[in-house]
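A structural walkthrough
Here is how the chains run, residue by residue.
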Number of protein chains: 2
Amino acid sequence: MSDVGPALAGMMCPIPIEEYPHVTLAHGGGGRMTQMLVERMFAAAFANAALGEMHDGAVLTLPPGRVAISTDSFVVSPRFFPGGDIGSLAVHGTVNDLAMCAARPIAITAGFVLEEGLAMEELWRIVRSMAAAAAEAQVPVVTGDTKVVDRGKGDGIYINTTGIGVVRDGFDIAPRRARPGDIVLVNGPIAEHGIAILSVREGLEFESPIVSDSAALHGLVGAVLDAAGEAVHVLRDPTRGGVSSAMNEIAQASRFGIRLEETAIPIAEPVRGACEILGLDPLYVANEGKVLVIVAPGRAGAALAALRAHPLGQGAARIGEVVDDHPGRVFMKSRIGGMRVVDMLSGEQLPRIC
Amino acid sequence: MSDVGPALAGMMCPIPIEEYPHVTLAHGGGGRMTQMLVERMFAAAFANAALGEMHDGAVLTLPPGRVAISTDSFVVSPRFFPGGDIGSLAVHGTVNDLAMCAARPIAITAGFVLEEGLAMEELWRIVRSMAAAAAEAQVPVVTGDTKVVDRGKGDGIYINTTGIGVVRDGFDIAPRRARPGDIVLVNGPIAEHGIAILSVREGLEFESPIVSDSAALHGLVGAVLDAAGEAVHVLRDPTRGGVSSAMNEIAQASRFGIRLEETAIPIAEPVRGACEILGLDPLYVANEGKVLVIVAPGRAGAALAALRAHPLGQGAARIGEVVDDHPGRVFMKSRIGGMRVVDMLSGEQLPRIC
């Protein structure tokens, strides 16, 4: 999803790179150089009316309803990976956090922490990708901020995005709302983002390259909410810490247990193979285009059908259920029939994955 | 303003520092260690209902009105300085950006990028200061995010805060609205934040220490709007790039000129002296508790009186006016009577000032 939209595709870096081949401290100084970067690059890429005011913030008229707000900083390494880059990921990650609150994303902000010496061309590539992802998700970047830190005090670029959205009327989606009998669905094969990142880091080559699942999920979530209504109790994107951490957080918040079926959890063969080579449990590997849907049993079929009817949910599956036993714990019926506890990730499995 | 509020004053670091003396990569991994940091430290310090949901975002019911949103990343070095630290600054900076849109701040988010090895005690000190500043400003921290980058890829801590607020009904405050005849006011002596930072960095000692002016200005701004109503055309906090950059941006956006009176611009003697020693022009030095108010002449007296009646505006002064000449430019009648152009900052004067 990191392809640039038609308006920006092929557009040259709007900062003259012969003169400014790299980001300098002056680009963060608040003077003429900052203004040039903001006006020529950011305002051009993210063009919209609110941003055009060049004020300290953006002023928006929101549709009626409760407002969801979510923030996320992105420090992924490497910055470019199969299926995306830090720019598209920064859009998807925050749009998805809003979607998990049953909110329709309205706008996002972009806060850049740039390291002195970052190639201007690379910044432009990331900004274009970010703008394309925002355009595709139909969520404008309405205001931003740029800081530059001295060489050796960053890693090229860190991006914070914060999003606001309007919560669908009548919905109360929250981890505490899981109930015994509820069904756990996922929209497709897991662990792809983490393995895509790791394959670049470790220089691994596979027959078919493993591509991050990074995608904006609000359209998919909207379709599920349309289909299953208030029977949807919890939505959660299993990012850092993977499916296991997300499930554990829900089990703890609801004070019920969650039972997963190992054989039901979709994992693509190349990802399974890579996990075996790397000694990783795919349940702990990050996703960036997956959602766990916890839904009352009566509407689980409708929710699953809605997932499968969407381009981002064709591999959707029912992977478990909420149970009375073992409150606050997650366990899994394994491929060979036994039960094992699925703990939260306890160390760092993969640093800087998002 | 970095003193901690009564609830947190003296409270020990809630993470056992014998066991976890430093931030580790696992604190950003999304598993058990991340959860411990979020629940024991952040949720305890910033305690409020929205944060307590432990969801991917916060859901709020806003009062009616247009919504302002503003984002800012803080990379200030050193992290602790006379008059504040990166935590209190991160609250003040974003609250002030909202105030500049004539918005009453409703909530802020906190995105932390921590460097592996940051002392846990130091993080706690910053979080306490941030919580105290938020409590004093009466703006809850409703959601957050924590990432940890490897040693040598950050500088202890960077913080993004993003704020939302509700714009006062009937107000349209924007740089483009400056009009010839409008009066330029400032709420007190300039250049204190930048010089306070620099004095620590350079190890300068003064007879009386120079203290950052970092403060939340929304109360002061509210008083000015009450007093002068819609005659207030522009509000701008002269942070990075100082008064000169803020004035130049307003001149450019409005397409009028701005004439400043050098003798009218309040500067404390120790700051003036420090600027002379350091070879800095105070017009280019950052402020974090100052606001430039551009107001129609008929209400300028009322606005100035309202500033002076507020604890954060006792040193308020009329420093210039908007004029027809030299559209888009700022110039200054100097102490000795001549006129000089006040350009935007063109290099970096002081990196990592905020």
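Fair warning: this is a prediction, and the values are worked out from it, not measured in the lab.

What counts and what doesn't
- Residues numbered from 1 in each chain as written.
- Chains lettered and ligands numbered in written order.
- Predicted model: local features only at pLDDT ≥ 70, side-chain atom pairs only at ≥ 80, totals over all residues.
- Heavy atoms only, no water.
- Helix = DSSP H or I, 4+ residues; strand = E, 2+ residues; numbered from the N terminus.
- Buried < 20%, exposed > 50% of the residue type's maximum accessible area, 1.4 Å probe, protein only.
- Contact = heavy atoms within 4.5 Å.
- Areas by Shrake-Rupley, 256 points an atom, 1.4 Å probe, with all protein chains shown as cover.
- Lys, Arg positive; Asp, Glu negative; His and termini not counted.
- Charge placed at Lys NZ, Arg CZ, Asp CG, Glu CD.
- Domains from an automatic or database assignment.
- Buried area = accessible area lost by both parts, 1.4 Å probe.
- Arc of directions from axis to C-beta.
- Pairing = 2+ DSSP bridges.
- Axes fitted to C-alpha atoms, helices over the stretch in contact; angles between N-to-C directions.
- Polar contact = N/O pair within 3.5 Å; in protein donor to acceptor, adjacent residues only side chain to side chain.
- Nonpolar A, V, L, I, M, F, W, Y, C, P; charged D, E, K, R; others polar.
- Phe/Tyr/Trp six-rings, centres within 6.5 Å; stacked < 30°, edge-to-face > 60°.
- Lys NZ or Arg CZ within 6 Å of the ring centre and 35° of its normal.
- Salt bridge = Lys/Arg side-chain N within 4 Å of Asp/Glu carboxyl O.
- Right-handed = clockwise from strand over helix to strand, strands pointing away.

Regarding the overall build of chain A
A count of helices and strands for chain A gives nine helices and 14 strands. For chain A, the spread of C-alpha atoms along the three principal axes comes to 65 × 50 × 30 Å. Residue burial in chain A is summarised as follows: out of 354 residues, 62% are buried. Contacts in chain A between residues at least 24 apart in sequence constitute 87% of all its contacts with a sequence separation of at least 6. Working note: accessible area of chain A is about 12300 Å², and carbon and sulfur atoms make up 50% of it. Looking at charge distribution, chain A has the averaged site of its 29 positive side-chain charges lying 5 Å from that of its 40 negative ones.

A few points about the domain arrangement of chain A
Residues and elements named next belong to chain A. According to the domain assignment, chain A consists of domain 1 (25–167) and domain 2 (175–342). Computed over C-alpha atoms, the centres of domain 1 and domain 2 are 28 Å apart. Tallying the contact residues gives 19 residues for domain 1 and 20 residues for domain 2. For the pair domain 1 and domain 2, the two sides together bury roughly 1600 Å², of which 66% comes from carbon and sulfur.

Remarks on helix H8 (residues 269–278) of chain A
Residue and element names in this part refer to chain A. All of the buried residues along H8 are Val-271, Ala-274 and Cys-275. Along H8, the residues classed as buried sweep out an arc of 100° about the axis, all on the same side. Along H8, exposed side chains directed more than 90 degrees from the buried face belong to Glu-269, Glu-276 and Ile-277. Note on H8: the residue one or two positions beyond its end, Gly-279, has a positive phi of about 70°.

Some thoughts on the sheet that holds strand E6 (residues 141–149) of chain A
Backbone-to-backbone hydrogen bonds join strands into a sheet, with any given pair of strands oriented parallel or antiparallel. Spatial ordering of the open sheet is given by E6(A)-E5(A)-E7(A)-E2(A)-E1(B), a layout of five strands whose pairing is mixed. Of all the strands in the sheet, the pair left with one neighbour each is E6 of chain A together with strand E1 (58–60) of chain B. Across the sheet, the mean angle separating the axes of adjacent strands is 20° when strand polarity is ignored. Two elements, strand E2 (residues 67–74) of chain A and E1(B), share three bridges in a ladder whose sense is antiparallel. Across the sheet, Val67(A) pairs through a bridge with Leu60(B), a residue of E1(B). Lying on the sheet, helix H3 (residues 86–99) of chain A is in contact with E2, strand E5 (103–115) and strand E7 (157–167) of chain A; it crosses E2(A) at an angle near 150°.

As for the environment of Asn48(A)
Residue and element names in this part refer to chain A. Mapped onto the secondary structure, Asn-48 falls in the loop between helix H1 (32–45) and helix H2 (49–52). Sequence spacing of Asn-48 and Phe-256 is 208 residues, and the spatial spacing of their C-alpha atoms is 46 Å. For Asn-48, the residues in contact, after removing those within four places along its chain, are Pro-140, Val-141 and Val-142.

Describing the interface of chain A and chain B
Contacts between the two partners involve 74 residues from chain A, matched on the other side by 74 residues from chain B. Roughly 5900 Å² is buried in total at the junction of chain A and chain B, and carbon and sulfur atoms are behind 54% of that figure. Considering only the surface of chain A that becomes buried against chain B, Asp56(A), Ile69(A) and Arg240(A) emerge as the three largest contributors, covering 13% of it. Applying the counting rule to chain A against chain B returns 27 residue pairs in polar contact (both at pLDDT 80 or more). If you list the elements that add at least two residues to the side of chain A that touches chain B, you get H1, strand E1 (58–60), E2, E5, E6, E7, strand E9 (232–236) and helix H7 (242–254) of chain A. Per-element accounting of the side of chain A that touches chain B gives the leading share, eight residues, to E6(A). Of the residues in the side of chain A that touches chain B, the class split is 30 nonpolar, 25 polar and 19 charged.

Observations regarding the side chain of Thr34(B)
On the secondary structure map, Thr34(B) appears in helix H1 (residues 32–45). The contacts of Thr34(B), once residues within four sequence positions are left out, are Ala26(B), His27(B), Gly28(B) and Gly29(B).

Brief notes about the packing of aromatic side chains
In total, this model carries two aromatic pairs over all chains according to the counting rule given. An angle of 5° between the planes, with centres 4.7 Å apart, marks the rings of Phe42(A) and Phe112(A) as stacked. In this pair, Phe42(A) sits in helix H1 while Phe112(A) sits in strand E5, placing the two residues 70 residues apart along the sequence. Overall, Phe112(A) belongs to the buried group, its relative accessible area being 2%. Positioned above the aromatic ring of Phe74(B), the side-chain terminus of Lys147(A) is 5.6 Å from the ring centre. Here the basic side chain of Arg125(B) rests over the ring of Phe80(B), its NZ or CZ set 3.7 Å away from the ring centre.

Overview of the side chain of Glu115(A)
Residue and element names in this part refer to chain A. Take Glu-115: it is sitting in strand E5. Buried charged residue Glu-115 carries no salt bridge. Nearest counter-charge: Arg-79, at 6.0 Å. A polar side-chain atom of Glu-115 sits 2.8 Å from the main-chain amide nitrogen of Gly-156. Glu-115 has contacts with Val-23, Val-148, Val-149, Asp-150, Arg-151, Gly-152, Lys-153, Gly-154, Asp-155 and Gly-156, leaving out every residue within four places of it along the chain.

Some thoughts on the pattern of salt bridges
Using the criterion set out here, one finds 34 salt bridges over all chains in the structure. The salt bridge partner of Arg168(A) is Asp226(A), with a shortest N-O separation of 2.6 Å. Remark: Asp226(A) occurs in helix H6 (residues 218–228) and Arg168(A) occurs in the loop between E7 and strand E8 (183–186); sequence separation between them is 58 residues. Via salt bridges that share partners, Asp72(A), Arg240(A), Asp145(B) and Lys147(B) belong to a single interconnected network.

Let's talk about the pairing of strand E6 (residues 141–149) of chain B
All names here are of chain B. Across the nine residues of E6, eight count as buried, placing the element largely inside the fold. The pairing of strand E5 (residues 103–115) with E6 spans eight bridges and is classified as parallel. Within the sheet, the bridge partner assigned to Leu-114 lies in E6 and is Val-148. What joins E5 to E6 is helix H4 (residues 120–137), and the crossover it makes is right-handed.

A word on the pairing of strand E11 (residues 292–295) of chain A
All names here are of chain A. Every second residue of E11 is oriented toward a common face, with Leu-292 and Ile-294 on one face and Val-293 and Val-295 on the other, all of them buried. Where E8 and E11 come together, four bridges link them in antiparallel fashion. Bridge assignment links Ile-183 to a residue of E11, and that residue is Val-295. Direction of pairing for E9 relative to E11: antiparallel, over a ladder of four bridges.

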